[in-house]
Every structure is written in C-alpha cells, then in structure tokens.
Amino acid sequence: MGLSERVTGAAVRAASVLLVEVPGWADTRVAVERQVRCRGWRLATSPADADVLAVCGRPGREFAQAVQAVWMQLPGPRARVLVDDVRDCAAVLEQAATALLDTPRQRADAGSRGQATDLEESSLAPAPAPAESDGNQNRSDHVDHSGDMDDMDDMDDMDDMDDSGDMNMDMPMPGGVPLASGAQDDRDGLEMDELTVPLGPVLPHWPAGLVVRCVLHGDVVVQAQVSTLGPAADHAPKIMAGTTEGWQARRAAAECDSAARFLAVAGWDHLSQRLRRVRDGILDRAPLEDCAQEVAQVTRQVRRSRLLRWSVRGLGVLGRAPWPPGGVPDDVPALLRGDVRDRLLTRLDHARDLLLDRGAGEPADPQLERQRLDRLPELVTGLDLAAARLVVASLDPDASIVRRHPGAGS
Amino acid sequence: MTGGVTPLSAGWAPVVALVLLAGAVVAAALDAALDSVPAGRADRARPGRRRTVTAAVARLLRQRRRVPVAADVLLWRIGVAALPVAALLMAAVLPLGRWTLVDWPVGVVWFNAVDVAVWAAVWLAGWGPNSAHALIGGYRFLAQALAYELPLMFALTAPAVAAGTLRIGGVVQAQQSLWFVVWMPVAFLAFCLGVAGFSVFGPLSAPAGSDIAGGVLAEASGVDRLIVLAGRYLLLTAGSGFAAALFLGGGAGPLLPAWAWMALKTLAVLSALVVLRRRLPVLRPDRFMEVGWLVLVPVTLLQLLVVSVVVVAR
Amino acid sequence: MSTLVGVASMLFTALVSVALLWWVALRTAVDPRPLGVLPFLSAWRPNEHALSRFHVRWYPATLIFLAFDVEMVFMYPWAVVVREVGAGAVVEMFVFLGLLLLGVLWAWREGALRWV
C-alpha cells in the first residue's frame, strides 16, 4: 500500500497542534511553539482543527478535567502529549508524529469512540465550578448579590441546579442540553436568550490558566466572572534557569510574547510572527541591541498603522479621567494606562527599555498582575466578543504569579 | 461571436472548473509559502519546514468528521458545500481569454446573485454546528456583508454603465482602448474589498477569526473543513478573475494570447490579495459596518456618478 | 437556452465534485462515521444550546440594506440605457439615490448602524 502510506506521511507533515499552557510553564510553551514551526506544523485554533493536543506543564485536578474534555473533542487521528521540560519537547513531538503515523492504532482509537448518535456526555467536564479557584474570584457589578464572595458562589451553584431542574420538567432537552432561555433586561428592551460562554483555559492566544466565564446576549458580553486554574499542587512550576542571565531579558521576552499574542488576536499575523521570532532571539541570547532594534521597528509599525488605531480606538480605557476636566488622581499603574493600543505600545516600549538595560521595576510584580486580573470583568462587560478578547489580550494577566501570591493587592 | 468572446459548449464545464481549481491551488500554495518566509531578521537563521497544499489536503482527507450534539446537520452540510459551488457558478460566466462557458446577457447580475448566495452559505456554516463560536462567526459575517455588499454592487454597476451592457464579454470589449481601472479606481478597490469579503479573507476574515476559535470553522473537521477552505480560495480566485475582466481589460494585451493575459492578470490580483493579507490587521466587524455605510457607499456612488456623467457627455 | 444549459452543466459539475470529495473521504478518513462531540467552549460543557435568539442589532441594518437592494433591481436595467436616455436618466437615478442616502444618515444618527 505505497499510496496510502504516502498519503499518511503527507498528512502527518501538515499536522496541527492545540497548545494548552499550565500557568508557570510559559517557557515550555514557547519551546513547543518553536518546535512546531520547525517541523512545518501549525498551531490549531480549536480541537476540530487539531491532531495533537500538547499540554505544557502538569495541570491541577480541575484543569486536567478540562484537558480531558478537549481531548474528547479532537476528531482523530489524534495524539496527546505532556511536555514537562523544555529539553524534551523535540522528542515528545516526535512521539506524537509516530502516534499519528500509526494508522491501525488510530483506526482502533476511532472505533472505540462515540459516534454522532451516542454521545459520551458523562465523561465530559462539568460546567465551570469555582471549586479550585477560591480566593481568586471576581465578578462584575452586574450581579445584584451582596455579602461574602464564597457564599455568593454557593448560592449561584444552587440557582444553577434549580434552573436545570425546572427545565427538565417543561422544556425539551435535545442531547441532554437545555435550550437557551430569556434574560431579564436586554439593552434593546427585548426578550433575549442568554448564552453561557466560558473563555479559557483552552483557547488560542489566551493567557495561561485564565477562565472568564461570560454570559452573552448574541455576541455581547453582559456579565463576566474571572477565575484561574492552576498546576497540580505537588508540582510547583520551575523557574526557568540557564536560558538567560538577567531577569531583564527574560521579562523582555515575556513582553514580546504577550504583545505577539495581542497582535494575533487583532488578526495581524505577520507582525505577531515577527515578535515571536524576536522573543526566540532574546531567549537564544542574540545580541540584545539587535533585538531592541527589531522591537523598535515593530513598535514603529504598530504606531503608524491607522487601521489598527481606528479598529481598537477607545477600547478598554483605564485610568484616563477626562471628566472632570482636570482629571482625578487614580491608582492605575503606568503600564496599564490608556486603551488597548496604548497598553500594547507601553508593553513594547517596556520590552525595548529592558533590553537596553534601562528598565525599572521588578522581575515579577504580583500587585500589577493582580490588578490586571481584577480590572478585567468590568472592562469586558458590555463589549462584543472581539473587543473583549482584545481587552483580555491587552491586560494579559499572568496567572502563575497571581496564584503564587494570593494575598497581593487585595 | 458576441461581445468578443466565444461561448463554449456545456461539456467544457469540468475544464473551466479545473482551471479555477488550479488558480485556487496557486493561491493556497502562495499563502503557505509566505507563511514560512522568515519574519524579520531574527528568523532568517532558522527557516521552518515548508507546508505544502498536498500535505494539508491529505491531512484533512484522513481526518474524521465531527457532528456536535443536536447540530443542524442538513443545513450545515448545505452551507459548507455551497461555498465551492458558488465559486464555480461565478466562474461559469467568466471570460477566459477568447472563450467563456456561458455568454449571458446578464452576466454581471448573475455574479451579483451568486455572491449574495454566499451570505446564506457562510451563515449556515456558522448556524449548523450548534456551537456558540460558530454562531457568532456566522452573525459576524452578516454584519460585515451588510457593509461590503452595497459598495460591491455599485462597483459592479460602474463598468456596466461605461460599457452599456451587463454582458461580461461586452464589458471586456469596451476596455479595448482604456482599462476601466484607470478611470474608476475607487470602484476597483471597492470591488477587491468585496472579493475579500465574500471569500472571508484577509482584513475581512473576522467571521473565521482565531479570536473566536475559528468562528464558522470552529467545529468543522475532516472533509467538511477541506470543502470550506477550498471554497474560500475558489471564491477568492473567481473574484480575482472578475476583477481582471471588469477592470483590467480581461484578455487584452500585447504579444501573449488572450487566455494567458487573463491568467496573468487574475494571478496578479490574487497574489496582491494574498500578500496584502499579511500586511493588515483584521477589521472589527462592528466598526466596519459604519465605515461601509458612511464612507464606502457614498464614495462608490460618487464614482458611479462620475462614470455616468462621462458616459452621457461622450 | 444554451446559457441555461451551460449554467446547469456547471452546477452539475460542482455538485458532483463535492459529492466525489465526500465519497473519497469515506475511504480515506480513519473512520467514515462522524464523531459525536460537544461543541467547543474552551473545554467546558455547554449550559445550553447555542442556537438561540441572537441580539437584533443587525435587523435595522438589514432593513436599510433592503431599501438599497430593491433599488439595485432598477439600477441594472438603468445601467444599460444610461447612454441612450442621457442626462435625464443620470439626474433621476442620483436624486433617488441621494434621498436614500439621507435615509442612511438618519438611520446612522438613530444608532441603527451600531453593533454594540
């Protein structure tokens, strides 16, 4: 069967990889991204698009459930790998390729899975439960509850259960899932259906471990609630050692990575790719002056793009107080000020300053990361999903730092 | 001989389809090749392996299809299949040099009708899978289509007014002395934007954006995904062909035969669209709506006014 | 008549090509039966079906669009006769279009073109 082998070989050469990053394993994710590109593979946008599920780091219990749910959604041929160590990633992806090439095994795997007619619902993760994210809860003002946060969550859970109980009785539930039903107050004064759409932890260009549980009217976010998922308790994330000397360069690489993610969400793939390359260059100890120069070039391109300015103007504004005219003093840190584009440019400038050793600040600022997370729900409420994603990408909270310092800022 | 092109017999349809497919493969190959071009200085040292169109096709043919729970499978499949079908139906009235499959007196209107049918196709592809991301993608397309479609229609009317006919062959022949792009550049640009729009491509690819996990593509796998992706490239190719025929003089040109010129011009427009995709961020559909109505519609109407005044004055 | 035959033959070609692709995929896919899955919601189980009443912001835009779309029905025949009829045709059409554009301006002021 020369032909079918050749088809299989070609198919595996074009594989695409769905990345799941556990907070704290950013360096592993970066290494896998590079390896993927090196192989001529591609990053997937959804499980339907993926052949390989690559989990970077050791997820905690709830996170692992989520990963399992995504694994069920890969169409197959499929391969799942766990990358724990930067040095392993080439070998691990090679394993994945071997698994994809093994047609008999893939056929057996496919045969053992649910057909369109009988769904394996029981083995899927339950709706987002706040169980693991205690202490990191956050919600927008739209909910009219008051009192202790933990109590609120419990109440909400009970409400959910009651609701579904009602639906069981008087509503049809095709496939075991209830139909969407009406919201109370729509901005157009109409009866609207509400959709619960959690964003994260598995989503392209999404901050690791972040979950924003959105309630949508159509594509407009009317309510958002933020939590984080973390690594398994006994596996504290390793602090990357040996790749660079100072924290400045590492921080600069992280800023480039983050900016690249924003540009990818904005649909500017070319520039996003370029920033990723700069990031890799920094981690490979390329001359820092060259990297800084390239960052400056990208910054200039971003600053000059009228299209980007027009497209994101006034989105997610923080800390500008044009009213009253003098402006009131506020507590917004300099790195977060302005709209999403301002934050992107600040980020790029910060990266360049760090590379040129002019940077101030600290390697990781738990207060700042905490603020990024805390300010998120009110900023995304009322935006459409595209805008909300841009706001999240512009804030880009680092869940690993927030989880390591649960008390910071609050 | 009507309007400078010879109609072919109906049996040539598969050949025309193959010609369009060849164009789409070239576009996809160019797109993939540009992906592996080094991005910036830091990248030149480590070129990635090239992705080929054949490998991508083989992968999707080997992949299994999926059906999300309680999906509207029939409508989904119709939406998916309608994309390449629409592209081929467009190509049916496209003059390929001296020949055309169908030399229809209302060719321009036919093109317009088919490109509006794409609305239904993309929306159904979003509605069918019963998935929030896909549904949002489908509605994004509607928002966007409401904004690009009218400028596209007015842009289509301008060459028809100048040529005094809706026959595509007639429009091509009317450009023997001067290509329409020279005196209707705005219509040409609006038309190209419309082509990107109905192909869900480049700056107008928000309905399939990665911020909503691929939007209308979020749940499609295997052969379904292959058909949607192929449909997008086929639509892009057919649209570029019409841009060449309506604005760039079709097969007119020195030395080379008409079909070669037509192919060259189509590929030129196609490559420009593929290359430009990399240079621009995606337009946000909600903001694009206002621009479409308040800027593009008046501007294309002004272009049409200029064209009709010139036609009357001549 | 021959035009219709040509279009029909292209439609036939297109449908057969898609069907052929589907048939090929039955042979080449690791499993010909489609896989039953839950929709992708960033790894969570859906709380409700996605097929629902979407917000209505696109309806007003659709109505304005329909006004122009009906106008296009006149525009295509008009395009063919502008040359013969002359200045009168141009004036009539653009006065009409101007009135429609006033409608668009009014709708914009009313916020009909705002998505969010």
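Residues numbered from 1 in each chain as written. Chains lettered and ligands numbered in written order. Predicted model: local features only at pLDDT ≥ 70, side-chain atom pairs only at ≥ 80, totals over all residues. Heavy atoms only, no water.

Chain B goes by NADH-quinone oxidoreductase subunit H in an unreviewed UniProt entry, where it is assigned to Nakamurella endophytica. The heading Sequence similarities (unreviewed entry) in the UniProt record of chain B holds the text "Belongs to the complex I subunit 1 family." (UniProt positions renumbered as here; feature names shortened; annotations may be inferred.)

A.B. asks: Describe the overall build of chain A, listing the residues and the values that go with them.
C.D. replies: When its secondary structure is counted, chain A shows 15 helices and eight strands. Buried positions account for 57% of the 410 residues belonging to chain A. Counting contacts in chain A only where the partners sit at least 6 residues apart, residues at least 24 apart contribute 70% of the total. Accessible surface computed for chain A: about 17200 Å², of which carbon and sulfur atoms make up 51%. (Helix = DSSP H or I, 4+ residues; strand = E, 2+ residues; numbered from the N terminus. Buried < 20%, exposed > 50% of the residue type's maximum accessible area, 1.4 Å probe, protein only. Contact = heavy atoms within 4.5 Å. Areas by Shrake-Rupley, 256 points an atom, 1.4 Å probe, with all protein chains shown as cover.)

A.B. asks: Run through the packing of aromatic side chains, naming residues and quoting values.
C.D. replies: Inspection of the entire model under this criterion finds 15 aromatic pairs over all chains. Ring geometry for Trp104 of chain B against Trp110 of chain B: centres 5.0 Å apart, planes inclined by 45°, an arrangement best described as tilted. Exposure class is identical for Trp104 of chain B and Trp110 of chain B. Each is buried. Through a chain of ring-to-ring contacts, three or more aromatic side chains come together here, namely Phe111, Phe188, Phe191, Phe198, Phe242 and Phe247 of chain B. A cation over an aromatic ring shows up here: Arg39 of chain A above the ring of Trp41 of chain A, its NZ or CZ 4.6 Å from the ring centre. One cation-aromatic arrangement involves Arg77 of chain B over Trp76 of chain B; the distance from NZ or CZ to the ring centre is 5.5 Å. (Phe/Tyr/Trp six-rings, centres within 6.5 Å; stacked < 30°, edge-to-face > 60°. Lys NZ or Arg CZ within 6 Å of the ring centre and 35° of its normal.)

A.B. asks: Please give an account of the interface of chain C and chain A that cites residues and values.
C.D. replies: Listed by partner, the interface residues are 29 residues for chain C and 60 residues for chain A. Summing both sides of the interface, chain C and chain A together bury roughly 3900 Å²; the carbon and sulfur share of this comes to 59%. Contact with chain A buries surface across chain C, with Val30, Trp44 and Arg45 of chain C losing the most and accounting together for 21% of the total. On inspection of chain C and its partner chain A, the count reaches zero salt bridges. At the junction of chain C and chain A, the tally comes to five residue pairs in polar contact (both at pLDDT 80 or more). Residue classes in the side of chain C that touches chain A are distributed as 17 nonpolar, six polar and six charged. (Buried area = accessible area lost by both parts, 1.4 Å probe. Salt bridge = Lys/Arg side-chain N within 4 Å of Asp/Glu carboxyl O. Polar contact = N/O pair within 3.5 Å; in protein donor to acceptor, adjacent residues only side chain to side chain. Nonpolar A, V, L, I, M, F, W, Y, C, P; charged D, E, K, R; others polar.)

A.B. asks: Could you give me a rundown of the sheet that holds strand 4 (residues 79-83) of chain A, with the residues and numbers involved?
C.D. replies: All names here are of chain A. Taken in spatial order, the four strands make up an open sheet running 2-1-3-4, and their pairing is parallel. Where the open sheet ends on each side, the last strands, each with one partner, are strand 2 (42-43) and strand 4. Where strand 1 (residues 16-21) meets strand 2, two bridges bridge the pair, whose relative direction is parallel. Each residue of the ladder has a partner; that of Val17, found in strand 2, is Leu43. Sitting on the sheet, helix 4 (residues 89-101) touches strand 3 (52-56) and strand 4, and the angle it makes with strand 4 is about 170°. (Pairing = 2+ DSSP bridges. Axes fitted to C-alpha atoms, helices over the stretch in contact; angles between N-to-C directions.)

A.B. asks: So what about the UniProt feature "transmembrane region" (unreviewed entry) in chain B? Which residues, and what values?
C.D. replies: UniProt tags residues 12-34, 74-96, 108-126, 146-166, 178-201, 233-252, 258-276 and 288-313 of chain B as "transmembrane region" (unreviewed entry). The span residues 12-34 of chain B carries 96% helix and 0% strand; its end-to-end C-alpha distance comes to 34 Å.

A.B. asks: Let's hear about a nonpolar patch on the surface: which residues, and what values?
C.D. replies: Together, Val91, Val95, Leu99, Leu102, Leu105 and Trp108 of chain C make up an exposed nonpolar region whose accessible area comes to about 590 Å². Judged by relative accessible area, Leu99 of chain C falls into the exposed class, the value being 54%. (Patch = residues over 30% accessible without salt bridge, like charges linked within 9 Å, V, L, I, M, F, W, Y side chains within 5 Å.)

A.B. asks: Can you tell me about the pattern of salt bridges, naming the residues and giving the values?
C.D. replies: Across all of its chains, the model carries 37 salt bridges over all chains by this definition. For the salt bridge of Arg29 of chain A with Glu21 of chain A, the shortest nitrogen-to-oxygen distance reads 2.7 Å. The class for Arg29 of chain A is buried, based on a relative accessible area of 5%. A salt bridge links Asp384 of chain A to Arg284 of chain B; the nearest nitrogen and oxygen atoms lie 3.7 Å apart. Pair noted here: Asp384 of chain A is in the loop between helix 13 (376-380) and helix 14 (385-395) and Arg284 of chain B is in the loop between helix 10 (258-279) and helix 11 (285-313), and the two residues belong to different chains. Across the pair, Arg284 of chain B and Asp384 of chain A agree in class, each one buried. Sharing partners across several salt bridges, the network here consists of Glu21, Arg29, Glu33, Arg34, Asp257, Arg261, Arg276, Arg277, Arg279, Asp280, Asp284 and Asp396 of chain A.

A.B. asks: Now, about the interface of chain B and chain C: what can you tell me, with residues and values included?
C.D. replies: Tallying the contact residues gives 74 residues for chain B and 63 residues for chain C. In this assembly, chain B packs against chain C so that about 6300 Å² is buried in total across both faces, 78% of it on carbon and sulfur atoms. Here chain B and chain C share one salt bridge between them. Counting across the chain B and chain C interface gives 12 residue pairs in polar contact (both at pLDDT 80 or more). Of all elements in the fold, only helix 1 (13-35), helix 2 (53-62), strand 2 (66-68), helix 3 (73-91), helix 4 (107-127), helix 5 (132-163), helix 9 (222-247) and helix 11 of chain B reach the threshold of two or more residues within the side of chain B that touches chain C. With 18 residues, the single largest contributor to the side of chain B that touches chain C is helix 5 of chain B. For the side of chain B that touches chain C, the class distribution of residues is 55 nonpolar, eight polar and 11 charged. With three bridges joining them, strand 2 of chain B and strand 1 (residues 35-37) of chain C adopt parallel strand pairing.

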